[in-house]
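Each chain, written out:
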Amino acid sequence: MKRLTHDSQVVFNRKIGRGIFHMRLAVKAGIRVKPGQFINLLVSDSYDPLLRRPFSVFDASEKSIDIVYSAIGRATFLMSRKIKGESLNFTGPRGNSYIDFITPGMKKTLFIVVGGGTGAASANYLAKWLRRAGMRLKLIQGAASKGLLIKAGEFCKKGVLFSTDDGSAGIKGFATDIVKKAASVDSVVFACGPKPMLGALKKAVPKGTRVFVSLEEYMGCGIGACVSCVTPVKVKNAGTKRVKNSFEYKRVCVDGTVFELDELVL
Amino acid sequence: MKRLTHDSQVVFNRKIGRGIFHMRLAVKAGIRVKPGQFINLLVSDSYDPLLRRPFSVFDASEKSIDIVYSAIGRATFLMSRKIKGESLNFTGPRGNSYIDFITPGMKKTLFIVVGGGTGAASANYLAKWLRRAGMRLKLIQGAASKGLLIKAGEFCKKGVLFSTDDGSAGIKGFATDIVKKAASVDSVVFACGPKPMLGALKKAVPKGTRVFVSLEEYMGCGIGACVSCVTPVKVKNAGTKRVKNSFEYKRVCVDGTVFELDELVL
Amino acid sequence: MKKSTMKTDTSVSIGKLNLKNPVMTASGTFGYGLEFKDFLDLEALGAIVVKGIALEPVLGNRPQRIVETASGMLNAIGLQNIGVEKFLSDKMPLLARYKTPVIANIYGTDVKDYVAVAERLADSAVAGIEVNISCPNVKKGGLQFAADRKAIIKMLGGIKKVYKKTVIMKLSPNTGNIEDIALLCEDYGADAVSLINTLVGMAVDLDKKTPVLSNIYGGLSGPAIKPVALAMVHKTAKRVKIPVIGIGGIMNYRDALEFIIAGASAVQIGTANFRDPAAPVKVAAGIKEYLEANKIKSVKNLIKTLKYQ
Amino acid sequence: MKKSTMKTDTSVSIGKLNLKNPVMTASGTFGYGLEFKDFLDLEALGAIVVKGIALEPVLGNRPQRIVETASGMLNAIGLQNIGVEKFLSDKMPLLARYKTPVIANIYGTDVKDYVAVAERLADSAVAGIEVNISCPNVKKGGLQFAADRKAIIKMLGGIKKVYKKTVIMKLSPNTGNIEDIALLCEDYGADAVSLINTLVGMAVDLDKKTPVLSNIYGGLSGPAIKPVALAMVHKTAKRVKIPVIGIGGIMNYRDALEFIIAGASAVQIGTANFRDPAAPVKVAAGIKEYLEANKIKSVKNLIKTLKYQ
Ligand SMILES: Cc1cc2nc3c(=O)[nH]c(=O)nc-3n(C[C@H](O)[C@H](O)[C@H](O)COP(=O)(O)OP(=O)(O)OC[C@H]3O[C@@H](n4cnc5c(N)ncnc54)[C@H](O)[C@@H]3O)c2cc1C
Ligand SMILES: Cc1cc2nc3c(=O)[nH]c(=O)nc-3n(C[C@H](O)[C@H](O)[C@H](O)COP(=O)(O)OP(=O)(O)OC[C@H]3O[C@@H](n4cnc5c(N)ncnc54)[C@H](O)[C@@H]3O)c2cc1C
Ligand SMILES: Cc1cc2nc3c(=O)[nH]c(=O)nc-3n(C[C@H](O)[C@H](O)[C@H](O)COP(=O)(O)O)c2cc1C
Ligand SMILES: Cc1cc2nc3c(=O)[nH]c(=O)nc-3n(C[C@H](O)[C@H](O)[C@H](O)COP(=O)(O)O)c2cc1C
Ligand code: FES
Ligand code: FES
């Protein structure tokens, strides 16, 4: 019981880009996080902001969980002011994982891992996992401009490819442009980023390439109870007598966040 | 214009008793504060807490304003966590002053200054003023117990008298017990403290002694506009044809906070 | 002192139901209950009120379905649910394992539908029903019943005929006369009333110049509405004899006790579950501690004890 | 480019009134205006709406009169005011010095009183009246008129006969049909409607077991009610042709623009004045900057421009 609510302490909370912060939370040993999962942070004792805020796990160890976040609104501004030693409560980790989709047959597969914007957070942890598992891997990060690139963790390693919309770092263009060159039907793409990027991915890869994406939706509970975070997913056998609708709503927080791109109604 | 709204920075925010804090705010030079006045602090960017919170000025210099506060609820808890350098906005100083009631004929008068609980804040600044003006003065502070006594500023000087309800410091009993011994018809009493203490004062002094008290009421605006902080004050010529009511409501924030005890309907 | 008088009694009665404590979960904020089993002891709850159930499955509204507001949130889920059949076959057997009464929140698009769902639940393990005539987020089956006296009379008549266990009517704050509707429900056989459902609200996205919610309007819940809920519970409890269940912005045991003192016989915890999934059991525990600390034998002795100055 | 088209136009019309910008102060939160002259430039306001004025002075309710709630506050001032005579002799001459229209918020305990105050103001420097039929904090003259169609018809008939300048009806959110009441006001000659007044609410002091406010109930205002206000403004603006003035939890220029896009022709700033006494001029300045930054010639081009997905 209650094993999914945790009190943690801020270890550090560094600015690592334009409005982007890297926060490490110290947790009691024994929390297992799979790549792609998120935690749901209670940012304030006050009722404004009221709801928890979900963040993908950027990195995790036995005793800590890292997130990388962009200070864009009320809760994230408050977070950016937290200092070492302050307490933060979170629920989770929750959600499925990219690696749930890895089958034994994928031992030789090239995994193309793409993070757009703060979507790079879960891409980092996934890349680390794949590297440690000895998988073949290409890591790509796209951002609007140099200052918004997240240069931490796996993204400091050699061989990572970057793109910026304005060309201020890496190639000028979108992360999907890099994917286009790298992807083949035999590769598997894992991606997290803004909706338009996920849409563009579909066109960037050869037909038949398997693409899995992690979605972000506005969350109420983060534990599957309120059905607010839903996304439309195609229904098999749609149009038959028993199945009236061509899609159903699935909960991003527990049915995802990772879905196969082909199944989504984008 | 706008000269009554100020941005200030926390210089220090020390714990000086059980749940009691002494905070110094650095202000632009030129704010004049009279003893008994208060400032109205905006504690948080969040809308919860929503309203400003009023605090009596405990001390003031050309470049700083001090307050002493008890952390009893949401806003004051937030205040207690503020650290050096953080910004706080306040309106004021507002309200009348104890010294508005000092007449030229009071040069030789003994001023009995009483602070009960956090009411000691304004008593301190008043005592400092009286001492500097070369007036005769007896300073008294009452609290529930030793840990709640405010030992700072004038209260560290010799000759101050203390009372605690439980006898853990000073005399055992109420501040009004000390007043009883000290007061004569020729003395003037200035007091700030909880309502029961102010009521007890009436009985503690010889008939005819002038007593002035600073009131605390729940405040909306702190600038005289919302008529929420009112207290009933006796009306002269009540019962005559023109004056129907025996009392009228006066605003504590601008008509007070200091009233002559005799005029109040307690 | 006799032993029996020393134990603190937190139980309350709602219609034919005896609850071990006055704390229920609010419909729509607690899923089908099972989602919370890793966060709290489901048996420490007074009752579990599940997500609104209709005769047929409902897809619900397009996203975006919720948005945070100052100390509150708007939701326009559109009553997405799996339908009564699937609820009975897939969820209820799992829920029935816990020693906590399950109350089914029901709704329909017309009176007939409501009655049909009630009838289908009559012989199930469900301990009682809460009839939602107050959802602001669906075109039909929501607010049009909230203040429609004739429809309510017809609905209660139909339901009482087919459903013999406890019937709670869930009332809308979006009327000028919630007490009158409560009285009407009492007159026509409701065992209890629960209030409030959400207040109709709206959020605008200034950058896109569109409503934030796909449904345009949503229901406001959370601490923001607590004062409104308290006033309505107080006004209603003064008028009716049946139990009033207080709902709206209850975040902790102190909030809950305020509702109870103001007239509520039990409370429901809604939005608080999103901030703290263990909130309902913390509220129940807090009430018990309060009773013990203040040497109050039974929580019943607190109901409607507000004093006036 | 012609010079005249280059200037950003923030003016709006409400009835016969031309306001230099759409930002007014909300009655009861801005005193008689003069209290704020050290905090802002009174001439930078679209209009000053003063505290509710009655025929005779009113003492108001016993303290405690207000209390903070989550992102909101309850007030039960009880319409303490100095009466229309004293307002005209003591306050209006000082207010009239500023180049900003003054709107008098008026109320009475019966229709006759309302009409009498309006008549007394007819030849004064007051530029318009706002008729408060929605105060939740007085036994008479408040909510009983809020949804009473006959009384409203009678009241508007009486007022329009004696008062020829702009008449704004201030509506209550404590009804199920604010749009219908707005339509009625339009039909019977109101020049504009303003909404919302406060929502009826209550706070309980758990330690004392009493209501916090001496009046038991109070009116809820502030950011907490903004979603409710936005929904009502949006619904009303869809139905009526006269201008709608949006009120409720507006704290900054972005909030104000949300109301305008949703259908408001002007806005009023209430509780925000307590947090920041300069709020109304900051809102006005923010709107102007927004128009300039987005190259929108006139704020009128934003009114009711909400798009639907
Ligand atoms: C599964 C998931 C993983 C995420 N991971 C990251 C991450 O690693 N790094 C990162 O910077 N951001 C991440 N986000 C987004 C992050 O949750 C939002 O940026 C954050 O909630 C904004 O809060 P705010 O109060 O600062 O902004 P606000 O001013 O409240 O809102 C700004 C925007 O943030 C989003 N948002 C606000 N509240 C919620 C909520 N309760 N649930 C979901 N979205 C919300 C909305 O799109 C909103 O328009 C993730 C979101 C999800 C759903
Ligand atoms: C003129 C004046 C001078 C004051 N000086 C001091 C001082 O020097 N030191 C000190 O410790 N306290 C002082 N107070 C009291 C102080 O303002 C309250 O303790 C503080 O507002 C509590 O806020 P909170 O959020 O922590 O408590 P909450 O949990 O919000 O409320 C606790 C209690 O604080 C009081 N309170 C809350 N909000 C307000 C408000 N807006 N206006 C007035 N009272 C309120 C109420 O009595 C309430 O029951 C003064 C009050 C006034 C009116
Ligand atoms: C996301 C969400 C979904 C809801 N769904 C339902 C529902 O299906 N049936 C119902 O009667 N009430 C529903 N409600 C209303 C709640 O049960 C409750 O009445 C309301 O939220 C006020 O309580 P709170 O402030 O504690 O949340 C829902 C509320 C929320 C926030
Ligand atoms: C302290 C206070 C006093 C008020 N007095 C009046 C009044 O006299 N007449 C009136 O029509 N509205 C009165 N109101 C209501 C406001 O004008 C406004 O409609 C309401 O507060 C909602 O706006 P807000 O959320 O911006 O405060 C009062 C509100 C407050 C907070
Ligand atoms: S956030 Fe509640 S179901 Fe996903
Ligand atoms: S606090 Fe508003 S008048 Fe005193």
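Residues numbered from 1 in each chain as written. Chains lettered and ligands numbered in written order. Predicted model: local features only at pLDDT ≥ 70, side-chain atom pairs only at ≥ 80, totals over all residues. Heavy atoms only, no water.

Draft legend 1. Fine view of the overall build of chain A. In terms of helices and strands, chain A carries four helices and 16 strands. If you line up chain A on its principal axes, its C-alpha atoms span 50 × 50 × 35 Å. The long-range fraction of contacts in chain A, counting pairs at least 24 apart against all pairs at least 6 apart in sequence, stands at 61%. Looking at charge distribution, chain A has the averaged site of its 43 positive side-chain charges lying 3 Å from that of its 20 negative ones. (Helix = DSSP H or I, 4+ residues; strand = E, 2+ residues; numbered from the N terminus. Contact = heavy atoms within 4.5 Å. Lys, Arg positive; Asp, Glu negative; His and termini not counted. Charge placed at Lys NZ, Arg CZ, Asp CG, Glu CD.)

Draft legend 2. Fine view of the overall build of chain C. Of regular secondary structure, chain C possesses ten helices and 16 strands. For chain C, whose C-alpha radius of gyration is 18 Å, the value lies close to the compact-globule estimate of 19 Å for 309 residues. Dimensions of chain C, computed from C-alpha atoms along their principal axes, come out at roughly 65 × 45 × 40 Å. By the burial criterion, 69% of the 309 residues in chain C qualify as buried. Considering only residue pairs separated by 6 or more positions, chain C has 71% of its internal contacts joining residues 24 or more positions apart. For chain C, the exposed area adds up to about 10700 Å²; of that, 52% sits on carbon and sulfur atoms. Put simply, chain C has 41 plus and 27 minus side-chain charges, and the middle of one group is 4 Å from the middle of the other. (Rg over C-alpha atoms; globule rule 2.2 N^0.38 Å. Buried < 20%, exposed > 50% of the residue type's maximum accessible area, 1.4 Å probe, protein only. Areas by Shrake-Rupley, 256 points an atom, 1.4 Å probe, with all protein chains shown as cover.)

Draft legend 3. Region of interest: the pairing of strand E4 (residues 48-53) of chain C. Residues and elements named next belong to chain C. Where burial is concerned, most of E4 is hidden: six out of the six residues are buried. Taken together, the four bridges between E4 and strand E7 (residues 102-106) define a ladder with parallel strand orientation. Paired with isoleucine 48 across the two strands is valine 102, which belongs to E7. (Pairing = 2+ DSSP bridges.)

Draft legend 4. Summary view of the relation of the copies chain D and chain C. When chain D is fitted to chain C, the best match, at an RMSD of 0.0 Å, comes from turning it 180 degrees and sliding it 0.0 Å along the axis. Expressed as a symmetry operation, the mapping of one chain copy onto the other fits a two-fold axis. Mapped onto chain C, 100% of the interface residues of chain D are again interface residues, and the two copies thus contact each other with one and the same surface. (Least-squares fit on C-alpha atoms with pLDDT ≥ 70 in both.)

Draft legend 5. Region of the structure containing helix H4 (residues 149-162) of chain D. Residues and elements named next belong to chain D. End to end, H4 covers 20 Å across 14 residues, agreeing with the expected 20 Å (1.5 Å per residue, within 8%). Every buried residue of H4 is listed here: Ala151, Ile152, Met155, Leu156, Gly158 and Ile159. Along the axis of H4, the buried positions cluster into a sector of 165 degrees, meaning they face one direction only. Facing away from the buried surface of H4 by more than 90 degrees, the exposed residues are Lys150, Lys154 and Lys161. In the core, the buried residues of H4 are packed alongside helix H3 (111-121), strand E8 (128-132), strand E9 (166-170) and helix H5 (178-187). (Expected span 1.5 Å × (residues − 1). Arc of directions from axis to C-beta.)

Draft legend 6. Local environment of the sheet that holds strand E3 (residues 23-25) of chain C. Residues and elements named next belong to chain C. Sheet architecture is open: eight strands sit in the order E3-E16-E15-E10-E9-E8-E7-E4, paired in parallel fashion. Of all strands in the sheet, those bounded by a partner on one side alone are E3 and E4. Within the sheet, the average angular offset between the axes of one strand and its neighbour, ignoring direction, is 25 degrees. Across the sheet, helix H3 (residues 111-121) lies against E4, E7 and strand E8 (128-132), angled at about 160 degrees from E7, the strand it touches most. (Axes fitted to C-alpha atoms, helices over the stretch in contact; angles between N-to-C directions.)

Draft legend 7. Local environment of the interface of chain D and chain C. Listed as interface residues are 46 residues of chain D and, on the opposing side, 46 residues of chain C. Carbon and sulfur atoms supply 65% of the area buried between chain D and chain C, which totals about 3900 Å² over both sides. The partner of C:Asp207 in a salt bridge is D:Arg254, with the nearest N and O atoms 3.3 Å apart. Taken together, the connections running from chain D to chain C amount to nine residue pairs in polar contact (both at pLDDT 80 or more). Elements with a contribution of two residues or more to the side of chain D that touches chain C: strand E11 (199-202), strand E13 (210-211), strand E14 (217-221), helix H6 (226-239) and helix H7 (253-262) of chain D. Among the elements that line the side of chain D that touches chain C, the one with the most residues is H6(D), at seven residues. By residue class, the composition of the side of chain D that touches chain C is 26 nonpolar, eleven polar and nine charged. (Buried area = accessible area lost by both parts, 1.4 Å probe. Salt bridge = Lys/Arg side-chain N within 4 Å of Asp/Glu carboxyl O. Polar contact = N/O pair within 3.5 Å; in protein donor to acceptor, adjacent residues only side chain to side chain. Nonpolar A, V, L, I, M, F, W, Y, C, P; charged D, E, K, R; others polar.)

Draft legend 8. Structural detail: the site of ligand 3. All names here are of chain C. Around ligand 3, a shell composed of 23 residues is seen, among which Ser27, Lys170, Gly222, Gly249 and Thr271 lie nearest. In the model, an oxygen atom of ligand 3 is placed 3.3 Å from a nitrogen or oxygen of the glycine 52 main chain. Contact with the protein chains covers 98% of the free accessible surface of ligand 3, which is 610 Å². Classifying every residue of the shell around ligand 3 gives six nonpolar, 15 polar and two charged. (Near = heavy atom within 4 Å.)

Draft legend 9. Structural context of the pattern of salt bridges. Scanning all chains against the criterion turns up 49 salt bridges over all chains. Here C:Lys99 and C:Glu43 are joined by a salt bridge, their closest N and O atoms 4.0 Å apart. Linking C:Lys99 in the loop between helix H2 (83-95) and E7 with C:Glu43 in the loop between E3 and E4, this pair joins segments that are 56 residues apart in sequence. According to the relative accessible area criterion, C:Lys99 is exposed, its value standing at 64%. D:Arg120 is paired through a salt bridge with D:Glu85; the nearest N and O atoms lie 2.7 Å apart. In this pair, D:Arg120 is assigned in helix H3 and D:Glu85 in helix H2 (residues 83-95), connecting sequence segments 35 residues apart. What emerges from the salt-bridge pattern is a single network uniting A:Asp48, A:Arg53, A:Arg74 and C:Glu68.

Draft legend 10. Fine view of the domain arrangement of chain A. All names here are of chain A. Partitioning chain A into domains gives domain 1 (5-94), domain 2 (106-211) and domain 3 (217-266). The straight-line distance from the C-alpha centre of domain 2 to that of domain 3 is 25 Å. Contact with domain 2, which involves seven residues of that partner, is made by eight residues of domain 3. A buried area of about 620 Å², summed over both sides, lies between domain 2 and domain 3, and 50% of it is on carbon and sulfur atoms. A per-residue breakdown of the area domain 2 buries against domain 3 is headed by Lys195, Lys202 and Val211, which together make up 68% of the total. Linking domain 2 with domain 3 are two salt bridges. A salt bridge links lysine 195 to glutamate 217, with the nearest nitrogen and oxygen atoms 2.8 Å apart. Between domain 2 and domain 3 we count three residue pairs in polar contact (both at pLDDT 80 or more) in total. Of all the elements in the fold, those that place two or more residues in the side of domain 2 that touches domain 3 are helix H4 (195-204) and strand E13 (210-214). Ranked by residues supplied to the side of domain 2 that touches domain 3, first place goes to H4 with five residues. For the side of domain 2 that touches domain 3, the per-class residue count stands at three nonpolar, one polar and three charged. (Domains from an automatic or database assignment.)

Draft legend 11. Broad picture of the site of ligand 1. All names here are of chain A. Inspection of the region around ligand 1 gives 21 residues, with Pro54, Ser70, Ala75, Thr76 and Met219 positioned closest. The separation between an oxygen atom of ligand 1 and a polar side-chain atom of arginine 53 is 2.9 Å. Interatomic distance of 2.9 Å between a backbone N/O atom of valine 68 and a nitrogen atom of ligand 1. For ligand 1, the protein covers 81% of the area, taking 860 Å² as the surface of the free molecule. Looking at the shell around ligand 1, the elements that each hand over two or more residues are strand E4 (53-56), strand E6 (64-70) and helix H1 (74-80). Sorting elements by how many residues they give to the shell around ligand 1 places E4 first, with four residues. The residue makeup of the shell around ligand 1, split by class, is ten nonpolar, six polar and five charged.

Draft legend 12. Seen up close, the confidence of the model for chain C. Of the residues in chain C, 95% reach a pLDDT of 70 or more, and the chain-wide mean stands at 93. Quick note on the complex model: pTM equals 0.96, ipTM equals 0.96. (pLDDT = per-residue confidence, 0-100.)

Draft legend 13. Up close: the nonpolar core. Membership of the largest hydrophobic core comes to 264 residues, with the highest contact counts inside it found for C:Phe87, C:Leu121, C:Met169, D:Leu121 and D:Met169. Once you skip the residues sitting within four places of it in the chain, C:Phe87 turns out to touch C:Tyr32, C:Val50, C:Ile53, C:Ile82, C:Met92, C:Pro93, C:Leu95, C:Val102, C:Leu121 and C:Val126. (Core = buried A, V, L, I, M, F, W, Y, C linked by side-chain atoms within 4.5 Å.)

Draft legend 14. Examining the packing of aromatic side chains more closely. Residues and elements named next belong to chain A. The tally for this structure, following the rule as stated, stands at 18 aromatic pairs over all chains. A centroid spacing of 6.1 Å and a plane angle of 65 degrees characterise the contact between phenylalanine 55 and tyrosine 69, whose relative ring orientation is edge-to-face. Placement of the pair is phenylalanine 55 in strand E4 and tyrosine 69 in strand E6, with a sequence separation of 14 residues. For phenylalanine 55, a relative accessible area of 11% puts it in the buried group. Overall, tyrosine 69 belongs to the buried group, its relative accessible area being 1%. (Phe/Tyr/Trp six-rings, centres within 6.5 Å; stacked < 30°, edge-to-face > 60°.)

Draft legend 15. Summary view of the side chain of A:Thr257. Residues and elements named next belong to chain A. With respect to the helices, strands and loops of the structure, threonine 257 is situated in the loop between strand E15 (247-251) and strand E16 (258-260). On the accessibility criterion, threonine 257 (4% relative accessible area) is buried. One polar contact links the side chain of threonine 257 to the main-chain carbonyl oxygen of glycine 36, over a distance of 3.4 Å. Residue contacts for threonine 257: discarding those within four places in its chain leaves Gly36, Phe38, Gly95, Asn96, Val213, Ser214, Leu215 and Val252.

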